[in-house]
Each structure stands twice: as C-alpha cells, then as structure tokens.
Amino acid sequence: MPVFYCPKCWKEFKDEIRNCPFCGFNLDEFDSLSYEDKLITALSHPVADYRINAIKILGTLKSEKAVEKFEEMLDREDILTILEIVDVLGKIKSKKAKKILERLKKSRSKVVSERAENVLDEMNSID
Ligand SMILES: [Zn+2]
C-alpha cells in the first residue's frame, strides 16, 4: 500500500485524500504552489538530506524568500546543515542574508563563525 506524506507537517497517511488528517493542509493547494514555495516547504522535512537538498536548490535560485526560514532553522539544525545555510546565504547576498552572516560570525561554534567570516569576506571582495 502506498504511503502519502503531508508536505506541510510531514506526517504520513495511507489514503490518497485532499486534506491532511493531521493539520488540515489542502493538498491541491500544494500542487498550485510555485517551485520555490515547494522547496521552502521541504525545509521542514524530517529527513535532513531532503532539507539540505532544498537549501542547495534555493541557493541556486537565490531565493530571498527562503532567507527568513533559514534564520529560523539556525536554532534547531545541526552543524552540517548550518554550514550549508552559511554557504547559501553567501550566494543569495541580500541585505538580510548578510545580517544573518554577521550574526553567525559571532557564533560559539568555531567552524560556523569561521565559515561565516570567509563567506562575508568573499561577498565584500566582489562588491
Ligand atoms: Zn499535515
């Protein structure tokens, strides 16, 4: 029997239905979302690999819309995912992305603060 996932809360259910039985999300609505919005939704996926893939693609798209979501993720993600976000913020280059990188430069994690510093240096050398 196929298993379906709600793209919003990521709970699984067995029937092909149009509304998630857990959060009520309308799956037709998901179909009509833009590619960018679908990727932003995937940032809440329970599997880290899916989240990291979505982060990478959003970076390639230079999605300024995703920056806010990235900021939220910093409080709960592991180092690997955070480093991925740092790199992608350097690609997006918006004012907000830069602000987050400035904050990450002061991170307690040496790996994160060094990477954020490098990314900011690169951004500034291009300007
Ligand atoms: Zn749901």
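These numbers were taken from a predicted model, which means no experiment stands behind them. In this numbering scheme, every chain counts its residues from 1 along its sequence in written order. A pLDDT threshold of at least 70 governs which residues receive local features in this predicted model, and a stricter bar of 80 or more applies before side-chain atom pairs are shown or counted, although totals over entire chains, interfaces and linings include all residues.

On to the overall build of the protein chain, then. Of regular secondary structure, the protein chain possesses seven helices and two strands. Shown N-terminal to C-terminal, the secondary structure of the protein chain runs as helices and strands in the order β-β-α-α-α-α-α-α-α. Seen along its three principal axes, the alpha-carbon backbone of the protein chain occupies a region of about 50 × 25 × 20 Å. Across the 127 residues in the protein chain, those meeting the buried criterion constitute 20%. Restricting to contacts in the protein chain with at least 6 residues of sequence separation, those with at least 24 account for 47%. Under the DSSP-based scheme used, a helix requires at least four consecutive residues in state H or I and a strand at least two consecutive residues in state E, with every element numbered from the N terminus. Around each residue's C-beta, the other C-beta atoms within 10 Å are counted; 20 or more make the residue buried, 12 or fewer make it exposed, and counts in between make it partly exposed. All C-beta atoms are placed from the backbone. Any two residues are considered in contact once their C-beta atoms, placed from the backbone, lie within 7 Å.

Once that is clear, we can look at unusual backbone geometry. Backbone geometry places Trp 10, a non-glycine residue, at a positive phi of 65°. On the secondary structure map, Trp 10 appears in the loop between β1 (4–5) and β2 (12–13). Backbone geometry at Lys 93 places phi at a positive 60°, although glycine is not the residue there. Position of Lys 93 among the secondary structure elements: in the loop between α5 (79–92) and α6 (95–104).

Our next topic: helix α3 (residues 48–60). How far a helix is expected to stretch is found by multiplying one less than its residue total by 1.5 Å. Along its 13 residues, α3 runs 19 Å from first to last C-alpha, staying within 8% of the 18 Å computed at 1.5 Å per residue. Along α3, the residues that are buried comprise Ala 54, Ile 55 and Leu 58. An end-on view of α3 places all buried positions within 105° of arc, on one side of the element. Counted as exposed and oriented over 90 degrees from the buried face of α3: Asp 49 and Thr 60. Looking at the buried side of α3, the elements it contacts are α2 (35–42) and α5. Where α3 terminates, the next one or two residues include Lys 62, which has phi positive at roughly 50°. Think of it as the arc spanned by the lines of direction from the helix axis to the C-beta atoms.

Its location among the elements puts Asp 15 in the loop between β2 and α1 (27–31). Expressed as a C-alpha distance, the spacing of Asp 15 and Pro 2, which sit 13 residues apart in the sequence, is 8.2 Å.

This paragraph deals with α6. In an α-helix, one full turn covers 3.6 residues, which means residues spaced three or four apart are oriented alike. Among the residues of α6, Ala 97, Ile 100, Leu 101 and Leu 104 are the ones counted as buried. Each buried residue of α6 lies within a common arc of 100° when the element is viewed along its axis, so the set occupies one face. For α6, the exposed residues set more than 90 degrees away from the buried face come down to Lys 95 and Glu 102.

So, about the environment of Tyr 5. Position of Tyr 5 among the secondary structure elements: in strand β1. For Tyr 5, a count of 14 C-beta atoms within 10 Å gives the class partly exposed. As a C-alpha pair, Tyr 5 and Ile 55 span 50 residues in sequence and 20 Å in three-dimensional space. Those residues in contact with Tyr 5, other than ones at most four positions away along the chain, are Trp 10 and Glu 12.

That is the geometry; function is a separate question.
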